[in-house]
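# Working through the structure, step by step
Letter by letter, the chains look like this.
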Amino acid sequence: MSLATLKKSNSLDKLLGAVEVENKPLEKKSYVDERIWKPQMDKSGNGFAVIRFLPAPEGEDLPWAKVWNHAFQGPTGQWYIENSLTTIGQNDPVSEMNSAYWNSGVESDKEIARKQKRKLQYFANILVVKDSANPANEGKVFLYRFGKKIFDKCMEAMQPAFEDETPLNPFDFWEGADFKLKLRKVEGYWNYDKSEFDSPSPIFDNDDDIEALWKTQYSLKEHTSETNFKSYEELKKRLDTVLAGKTSVGNATSMMVEEPSATVTVDTKEEPAPTVEVSSGEEEDTLSYFEKLAEKG
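None of these values were measured; they are calculated from a predicted model.

## What to know about unusual backbone geometry
Of note, Glu187 is a non-glycine position whose phi angle comes to about 55 degrees, a positive value. By relative accessible area, which is 75% here, Glu187 ends up exposed.

Here you go:
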């Protein structure tokens, strides 16, 4: 910068304007992913919406992403809510610990493993056809995060159990069908058993509108990318904090991490439970998972 340029640009108004910008209060960051759509219940404890599952985004092979995670509260009162490295075929500290609990042969240990079990969730693109709770969502593309129950509904549509039923591809623009999502609360759990697919029909009348919709879909690769997972060491450190450094398996107590070189202060203040949508009926899948771990041991 030349002296002449400095003379022109170094104005009082410019400096005062910069100070004003710096002194503005920082906006609070929102950690809510606005791309994700969620169904809502009404005051009676029921929820209803109509959605349409969409095909794989351009350049991707599958119309869904599958992710395992853990969500449980430790004796410190803090919560462990992390994606499991088993999703991408790597060792995970919670899975290893749960395997030790399950293999101990002690029923109380198995109960701990059940509470800390990994949970399965899927991500898919959807078009919201009807959303009475939030009509502004209608006609828009969102990511939908759902569990094994709804995924099983999709699988049942693709592979019907009875010969008088015609297979349906829920993720097809032309031969797919609207999904009538019916949500109830049964024994304290969100229940989707009454949800069902409508008759097959094209999502739009012409391919130009379909192509335009397709180009607005979100990528699903990020959910199974390594960047979406913390390292084994980071997860182990967090697990140690949540469990206060120790875990008891059977009659033995073992450290979950290496001996620290410095004193570690653990915040034992109880954290409020996070809002987690839980559906029933996953126990069989979880027990099968731990039985396989026990066989490997």
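## Quick word on the pattern of salt bridges
When charged atoms on two side chains of opposite charge get close, those side chains can pair. Applying the stated criterion across every chain, the model contains 11 salt bridges. Among the ionic pairs, Glu82 bridges to Lys230, the shortest N-O distance being 2.9 Å. Of the two residues, Glu82 is situated in strand 4 (residues 79–83) and Lys230 in the loop between helix 6 (207–214) and helix 7 (232–242); the sequence distance between them amounts to 148 residues. Between Glu196 and Lys180 there is a salt bridge; the shortest N-O distance is 3.5 Å. Pair noted here: Glu196 is in strand 9 (residues 196–197) and Lys180 is in strand 7 (residues 179–186), with a separation of 16 residues, a long-range link. Residue classification places Glu196 among the partly exposed positions, given a relative accessible area of 34%. Its relative accessible area of 22% is what places Lys180 among the partly exposed residues.

## Quick look at the packing of helix 3 (residues 93–103) against helix 7
Contact pair helix 3 / helix 7: the axes reach a minimum separation of 9 Å and the direction vectors enclose 60 degrees. Accordingly, the angle class assigned to the pair helix 3 and helix 7 is oblique. Listed contacts from helix 7 to Pro93, Val94, Glu96 and Met97 of helix 3 are Tyr232, Leu235, Lys236 and Leu239. Here the residues of the contact of helix 3 with helix 7 are counted per class, giving six nonpolar, no polar and two charged.

## Considerations on the nonpolar core
Judged by nonpolar contacts, the single largest core of 26 residues is most densely connected at Trp37, Phe53, Tyr144 and Leu181. Within the residue set of this core, elements represented by two or more residues are strand 2 (46–53), strand 5 (118–131), strand 6 (141–146), helix 5 (148–158) and strand 7. Among the elements that take part in this core, strand 5 stands out by supplying five residues, more than any other. Excluding its chain neighbours within four sequence positions, the residues that come into contact with Tyr144 are Trp37, Pro39, Ile51, Phe53, Tyr122, Phe123, Ala124, Ile126, Ile150, Leu181 and Tyr192. Residues Trp102, Ala113, Phe123 and Leu220 belong to the second largest nonpolar core, which totals 19 residues.

So, how was this worked out
Residues numbered from 1 in each chain as written. Predicted model: local features only at pLDDT ≥ 70, side-chain atom pairs only at ≥ 80, totals over all residues. Heavy atoms only, no water. Buried < 20%, exposed > 50% of the residue type's maximum accessible area, 1.4 Å probe, protein only. Salt bridge = Lys/Arg side-chain N within 4 Å of Asp/Glu carboxyl O. Helix = DSSP H or I, 4+ residues; strand = E, 2+ residues; numbered from the N terminus. Axes fitted to C-alpha atoms, helices over the stretch in contact; angles between N-to-C directions. Parallel < 35°, antiparallel > 145°, perpendicular 65-115°, else oblique. Contact = heavy atoms within 4.5 Å. Nonpolar A, V, L, I, M, F, W, Y, C, P; charged D, E, K, R; others polar. Core = buried A, V, L, I, M, F, W, Y, C linked by side-chain atoms within 4.5 Å.

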